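The lines below spell out each chain.
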Amino acid sequence: MEPTAPAATPRVAIVTGASSGIGAATAAALAAAGFDVRAGARRVDRLAELAGRTGCRFAPLDVTEPASVAAFVATLPATVHLLVNNAGGALGLEPVAEANDDFWRRMYETNVLGTMRLTRALLPRLLASGDGHVVNVGSIAGFETYPGGGGYTAAKHAERALTRTLRLELLGQPVRITEIAPGLVETEFSLVRFAGDAERAAGVYRGLEPLTAADVADCILWAATRPSHVNIDEIVVRPRDQASAVAVHRRPR
Ligand SMILES: NC(=O)c1ccc[n+]([C@@H]2O[C@H](COP(=O)([O-])OP(=O)(O)OC[C@H]3O[C@@H](n4cnc5c(N)ncnc54)[C@H](OP(=O)(O)O)[C@@H]3O)[C@@H](O)[C@H]2O)c1
């Protein structure tokens, strides 16, 4: 009998903020495509459900806590191929004149410092793979501003600056750097932004057809599965019903 070739070792993908929305959909899409997915978030019950559904592995992760990041990283293999920095979100919609310090600090901690912490911790393992890839989930809020969005747009602009800086600093190393910048996606994003006010959150998407988390996961999967020499710098993806952060088309009910 002819010897069979050993099965290729799956590429290891880390997804932060995988307990809901874009992160959960991305973990599922990557697992279905054959990646060995390691998911992290604070709500481990949600991660357990995701693992049952997709076969991914998981560990608790709070990207704002250095000790939690270290404990999460300790669960990962020595070689990592893909890091999806997705954990993040917005808090509040107050104008700058009424800005809430705590909200601004937490948005910066999660979207910016969280992305920095995971990237810094995993870069050696990404480089060790000989073919690493960092995908940061930014937002159109990294390109645009809107009234009430000062804290979130400042954080996403900063995350975008971090992404672009990394691409310059790592030039010549075996690692790709991608930003995925979605517009309106219907997830738990608005529920979190409005502190659990479901009615207010639903209003964000009323009368229009938003992107789904799976639409964004599809962009991430596509960027992550191009040949190694192809770096997708950024993908800006919006619903057809949205032209900018402030221009959306809503159908009358
Ligand atoms: N929805 C949109 O319209 C939209 C548009 C553009 C960009 N984005 C970006 O897409 C990313 C995902 O958001 P989403 O829309 O999927 O919202 P979501 O459903 O609220 O998911 C956010 C995820 O981030 C995790 N997370 C939050 N704080 C965390 C922390 N301190 N440590 C670890 N994980 C944390 C949450 O998990 P736990 O709470 O369990 O920790 C959750 O899994 C965010 O970066 C967001 O800014 C969203």
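Data block above holds the structure.
A.B. asks: Please clarify how the site of the ligand should be interpreted in this entry.
C.D. replies: Not every one of the 32 residues close to the ligand is listed here, only the nearest: Ser-19, Ile-22, Arg-42, Tyr-152 and Thr-187. Between the ligand and Asp-62 there is a distance of 2.9 Å, counted from a nitrogen atom to a side-chain nitrogen or oxygen. Between Gly-89 and the ligand, the recorded distance is 3.5 Å, taken from a backbone N or O atom to an oxygen atom. Computed on the free molecule, the ligand has an accessible area of 880 Å², of which 95% lies beneath the protein chains in the complex. Of all the secondary structure elements, the ones that give two or more residues to the shell around the ligand are α1 (21–32), α4 (101–128), α5 (150–169) and α6 (189–193). Grouping the amino acids of the shell around the ligand by side-chain chemistry returns 13 nonpolar, 14 polar and five charged.

A.B. asks: Could you clarify how one ought to interpret the side chain of Thr-153 in this entry?
C.D. replies: Tracing the backbone through its elements, the reader meets Thr-153 in helix α5. When sequence neighbours within four positions are dropped, the list of residues in contact with Thr-153 reads Ala-141, Glu-144, Thr-145 and Tyr-146.

A.B. asks: What should I look at first to understand the nonpolar core in this one?
C.D. replies: The nonpolar side chains of a soluble globular protein tend to be buried with one another. In terms of nonpolar packing, the biggest core is built from 35 residues, with Leu-30, Val-37, Leu-82, Val-84 and Ile-220 touching the most fellow members. Of all elements in the fold, only β1 (12–16), α1, β2 (36–41), α2 (44–54), β4 (82–85), β5 (132–137), α8 (213–224) and β7 (234–237) reach the threshold of two or more residues within this core. A total of eight residues in this core trace back to one element, the largest contributor, which is α8. Once residues within four sequence positions are removed from consideration, Ile-220 is found in contact with Ile-22, Thr-26, Val-84, Val-135, Val-137 and Ile-180. Membership of the second largest hydrophobic core comes to 31 residues, among which are Val-80, Leu-83, Leu-122 and Ala-155.

A.B. asks: Teacher, can you tell me more about the pairing of strand β6 (residues 175–182) here?
C.D. replies: Successive residues of a regular strand alternate their side chains across the two faces of the sheet. Taken across its eight residues, β6 has eight buried, putting it largely inside the fold. Burial of the side chains of β6 extends over both faces: Val-175, Ile-177, Glu-179 and Ala-181 are buried on one face and Arg-176, Thr-178, Ile-180 and Pro-182 on the other. Pairing of β5 with β6, which is carried by six bridges, proceeds in the parallel orientation. Note that in β6 the partner of Gly-132 across the bridge is Val-175. On the question of chirality, the crossover connecting β5 to the parallel β6 by way of α5 is right-handed. Alignment of β6 against β7, held across four bridges, turns out to be parallel. Opposite Ala-181, over in β7, you have Val-236 as the bridge partner.

A.B. asks: In this structure, what is going on with the pattern of salt bridges? I would like to understand it.
C.D. replies: Two side chains bearing opposite charge may form a pair once their charged atoms approach each other closely. Enumeration according to the criterion identifies 15 salt bridges in this entry. Shared partners join several salt bridges into a network, and the residues in it are Asp-36, Arg-38 and Arg-57.

A.B. asks: Even after reading the chapter, I still don't get the sheet that holds β5, so can you show me in this structure?
C.D. replies: Paired through their backbone hydrogen bonds, the strands of a sheet run either parallel or antiparallel. Taken in spatial order, the seven strands of this open sheet run β3-β2-β1-β4-β5-β6-β7, and their pairing is parallel. Every other strand in the sheet has two partners, leaving β3 (57–60) and β7 as the edge strands with one partner each. Averaged over all adjacent pairs, the angle separating strand axes in this sheet is 15°, with direction ignored. The sheet contact formed by β2 and β3 spans four bridges and is parallel. Bridge pairing links Arg-38 to Arg-57 in β3.

A.B. asks: Teacher, can you tell me more about the environment of Gly-142 here?
C.D. replies: With respect to the helices and strands, the residue Gly-142 is situated in the loop between β5 and α5. By relative accessible area, Gly-142 is classed as buried at 4%. Along the backbone, Gly-142 and Ala-161 are 19 residues apart, and their C-alpha atoms lie at a distance of 8.7 Å. Beyond its immediate sequence surroundings of up to four residues, Gly-142 is in contact with Lys-156, His-157 and Arg-160.

A.B. asks: Sorry if this is basic, but what is going on with unusual backbone geometry here?
C.D. replies: Excluding glycine, most residues fall at negative phi; most peptide bonds, likewise, are trans. You will see that Ala-195, though not glycine, has its phi angle at about 50°, which is positive. On the secondary structure map, Ala-195 appears in the loop between α6 and α7 (198–205).

A.B. asks: Can you help me understand α7 in this one?
C.D. replies: Along an α-helix, residues three or four apart share an orientation, since each turn contains 3.6 residues. Listed in full, the buried residues belonging to α7 are Ala-201, Val-204 and Tyr-205. Down the axis of α7, the buried set is contained in an arc of 95°. They therefore lie on one face. Measuring from the backbone nitrogen of Glu-199 back to the side-chain oxygen at the start of α7 gives 3.3 Å, which picks out Asp-197 as the cap. A positive backbone phi angle near 80° is found at Gly-207, which sits one or two residues after α7.

Reading the values: the criteria
- Residues numbered from 1 in each chain as written.
- Predicted model: local features only at pLDDT ≥ 70, side-chain atom pairs only at ≥ 80, totals over all residues.
- Heavy atoms only, no water.
- Near = heavy atom within 4 Å.
- Polar contact = N/O pair within 3.5 Å; in protein donor to acceptor, adjacent residues only side chain to side chain.
- Areas by Shrake-Rupley, 256 points an atom, 1.4 Å probe, with all protein chains shown as cover.
- Helix = DSSP H or I, 4+ residues; strand = E, 2+ residues; numbered from the N terminus.
- Nonpolar A, V, L, I, M, F, W, Y, C, P; charged D, E, K, R; others polar.
- Contact = heavy atoms within 4.5 Å.
- Core = buried A, V, L, I, M, F, W, Y, C linked by side-chain atoms within 4.5 Å.
- Buried < 20%, exposed > 50% of the residue type's maximum accessible area, 1.4 Å probe, protein only.
- Pairing = 2+ DSSP bridges.
- Right-handed = clockwise from strand over helix to strand, strands pointing away.
- Salt bridge = Lys/Arg side-chain N within 4 Å of Asp/Glu carboxyl O.
- Axes fitted to C-alpha atoms, helices over the stretch in contact; angles between N-to-C directions.
- Arc of directions from axis to C-beta.

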